[in-house]
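One-letter residues, chain by chain:
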Amino acid sequence: MTPQDISTLIVRTSMKDRAAFDLLYRQTSAKLFGVCLRVLKDRGDAEEALQEVFVKVWTKADRFTVSDLSPISWLVAIARNHAIDRIRSRRKPAADIDAALDVADPGPGPEAMVVAGGESERIYQCLEELEQDRAQAVRGAYLNGESYADLAERHKVPLNTMRTWLRRSLLKLRECLER
């Protein structure tokens, strides 16, 4: 079927000629189905979209203008745009930007960061007062998230000894911080 023939069918469809619409469907549905399938990636979805595309063609055929451009391009554009619209309609709507005003920042504020900076410096100074292996164990457990068992193995001490080291070290840190 030539582009001229397809143009004629679209024009006749705009005049609500059912026979022309039927022939237009039979001649172009395979190509338009391929377009829908390529965009939607789901056969069932593409079949539904194709039917909706032809409903649009039936209702909007009067908007088609005969020109040197290919009429199949006009039909493909309708199919492609419709398939993309189906994908967009599935997405969750974006939250209203004004709702972001009510969202609290989970991070500390400027004042808290200054205080925390001073506190962390004090903690590091107090860690320096501990024996070196105890300070390494505290850093490993509480700053690096290492398990007591891993620390006991690394320092070559029994697990209960490591627990005692950590408990006593925390008590010394608290005393230091309270001074």
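Use the structure listed above.
Notes on the structure in this doc start here.

Procedures and definitions
Residues numbered from 1 in each chain as written. Predicted model: local features only at pLDDT ≥ 70, side-chain atom pairs only at ≥ 80, totals over all residues. Heavy atoms only, no water. Patch = residues over 30% accessible without salt bridge, like charges linked within 9 Å, V, L, I, M, F, W, Y side chains within 5 Å. Areas by Shrake-Rupley, 256 points an atom, 1.4 Å probe, with all protein chains shown as cover. Salt bridge = Lys/Arg side-chain N within 4 Å of Asp/Glu carboxyl O. Buried < 20%, exposed > 50% of the residue type's maximum accessible area, 1.4 Å probe, protein only. Helix = DSSP H or I, 4+ residues; strand = E, 2+ residues; numbered from the N terminus. Contact = heavy atoms within 4.5 Å. Core = buried A, V, L, I, M, F, W, Y, C linked by side-chain atoms within 4.5 Å. Phe/Tyr/Trp six-rings, centres within 6.5 Å; stacked < 30°, edge-to-face > 60°. 1 Å grid on protein atoms, 1.4 Å probe; cavity = no way out; pocket = protein on both sides within 12 Å on 5 of 7 lines; lining within 4 Å. Points joined across faces, edges and corners; volume = space filled by probe spheres on them. Nonpolar A, V, L, I, M, F, W, Y, C, P; charged D, E, K, R; others polar.

A cluster of nonpolar residues, Y142, Y148, L159 and L170, forms a patch on the protein surface that exposes about 330 Å² of accessible area. In this structure L159 comes out as partly exposed when scored by relative accessible area, which is 34%.

Turning to the environment of R86, a few remarks are in order. Within the secondary structure, R86 is located in helix α4 (residues 71–90). Residue class for R86 comes out buried when judged on its relative accessible area of 14%. Through-space distance from the C-alpha of R86 to that of V39 is 9.7 Å; in sequence the pair is 47 residues apart. Aside from chain neighbours lying at most four places away, what touches R86 is L40, D45, E48, A49 and E52.

Attention now moves to the nonpolar core. Among the nonpolar cores identified, the biggest contains 24 residues, and I10, L24, L32, V53, V57 and L75 are the most heavily contacted of them. Among the elements of the structure, α1 (3–14), α2 (18–40), α3 (43–60) and α4 are those that each provide at least two residues to this core. Excluding residues within four positions of it along the chain, L24 makes contact with I6, L9, I10, T13, S29, F54, V57 and L75. In terms of nonpolar packing, the next biggest core, distinct from the first, is built from 15 residues, L127, A137, L166 and L173 among them.

Applying the stated rule across the entire model yields four aromatic pairs. The interplanar angle of 70 degrees and the centroid separation of 5.0 Å between the aromatic rings of F21 and W58 together place this pair among those described as edge-to-face. Highlighted residues: F21 in helix α2 and W58 in helix α3, separated in sequence by 37 residues. On the basis of an interplanar angle of 65 degrees and a centroid distance of 4.7 Å, the ring pair of Y25 and F54 is categorised as edge-to-face.

Turning our attention to the side chain of D45. Position of D45 among the secondary structure elements: in helix α3. Note on D45: relative accessible area 15%, which makes it buried. The residues touching D45, leaving out its near neighbours within four places in the chain, are L40, R86 and R90.

What follows is about the layout of surface pockets. The space that makes up the largest pocket amounts to roughly 170 Å³. Looking at the largest pocket, it is lined by 13 residues, and the ones nearest its centre are L130, R134, R168, S169 and K172. Looking at the lining of the largest pocket, the elements with two or more residues in it are α5 (110–129) and α8 (159–178). At seven residues, the largest contribution of residues to the lining of the largest pocket is made by α8. In the lining of the largest pocket, the residues fall into five nonpolar, two polar and six charged.

For K16, which is not a glycine, the phi torsion comes out positive at approximately 65 degrees. Assignment of secondary structure puts K16 in the loop between α1 and α2. The backbone of K156 sits at a positive phi, close to 55 degrees, despite the residue not being glycine. Its place among the elements puts K156 in the loop between α7 (148–155) and α8.

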